[in-house]
Amino acid sequence: MELSKFFAKSELIPVVCQDERSGEVLMLGYANEEALRLTMDTGTAWFFSRSRQKLWNKGETSGNFIFVSKILSDCDDDTLIYSGTPKGPVCHTGNRTCFYTTLWEKGNER
């Protein structure tokens, strides 16, 4: 598959990681073409760190890998979903998901 079409607008594209069992959103990262290719080749989630300016394999240091079984693209081919199974908590804080803080909820206005 030709991957360059996903990077026509930008060198980095957003990647949502989703638990394939529950549908829960686990994290958001960014991938370049190499990170996407590595994800497809290894079956684990790879990203490009914008702050460190380098590739990283989620779980490489913590052991909390995301085992990717399917990659979905949106209708514009500029955002991806890595659907897979996490091994352990995904967030660097130790939480299962990076999305654990409620910013707003209807009915709870102050």
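Computed from a predicted structure; not experimentally measured.

Asker: Teacher, can you tell me more about the overall build of the protein chain here?
Answerer: Regarding its fold elements, the protein chain presents one helix and six strands. Counted from the first residue to the last, the protein chain has its helices and strands arranged as β-β-α-β-β-β-β. Over its C-alpha atoms the protein chain spans a radius of gyration of 15 Å, differing by no more than 12% from the 13 Å that the globule rule assigns to 110 residues. Overall size of the protein chain, expressed as C-alpha extent along the three principal axes, is 50 × 30 × 30 Å. Of all intrachain contacts in the protein chain linking residues separated by at least 6 positions in sequence, the fraction that spans at least 24 positions is 45%. The centroid of the 13 positive side-chain charges in the protein chain is displaced by 6 Å from the centroid of its 15 negative side-chain charges.

Asker: How should I be thinking about unusual backbone geometry in this particular structure?
Answerer: Glycine aside, residues mostly have negative phi angles, and peptide bonds mostly take the trans form. With phi around 55 degrees, Q53 is a residue other than glycine that occupies positive phi space. Considering the arrangement of structural elements, one finds Q53 in the loop between β3 (46-49) and β4 (54-57). Among the residues examined, Q53 registers a relative accessible area of 53% and is labelled exposed. Not every positive phi belongs to a glycine, and D77 is a case in point at roughly 55 degrees. By relative accessible area, D77 is classed as partly exposed at 23%.

Calculation rules
Residues numbered from 1 in each chain as written. Predicted model: local features only at pLDDT ≥ 70, side-chain atom pairs only at ≥ 80, totals over all residues. Heavy atoms only, no water. Helix = DSSP H or I, 4+ residues; strand = E, 2+ residues; numbered from the N terminus. Rg over C-alpha atoms; globule rule 2.2 N^0.38 Å. Contact = heavy atoms within 4.5 Å. Lys, Arg positive; Asp, Glu negative; His and termini not counted. Charge placed at Lys NZ, Arg CZ, Asp CG, Glu CD. Buried < 20%, exposed > 50% of the residue type's maximum accessible area, 1.4 Å probe, protein only.

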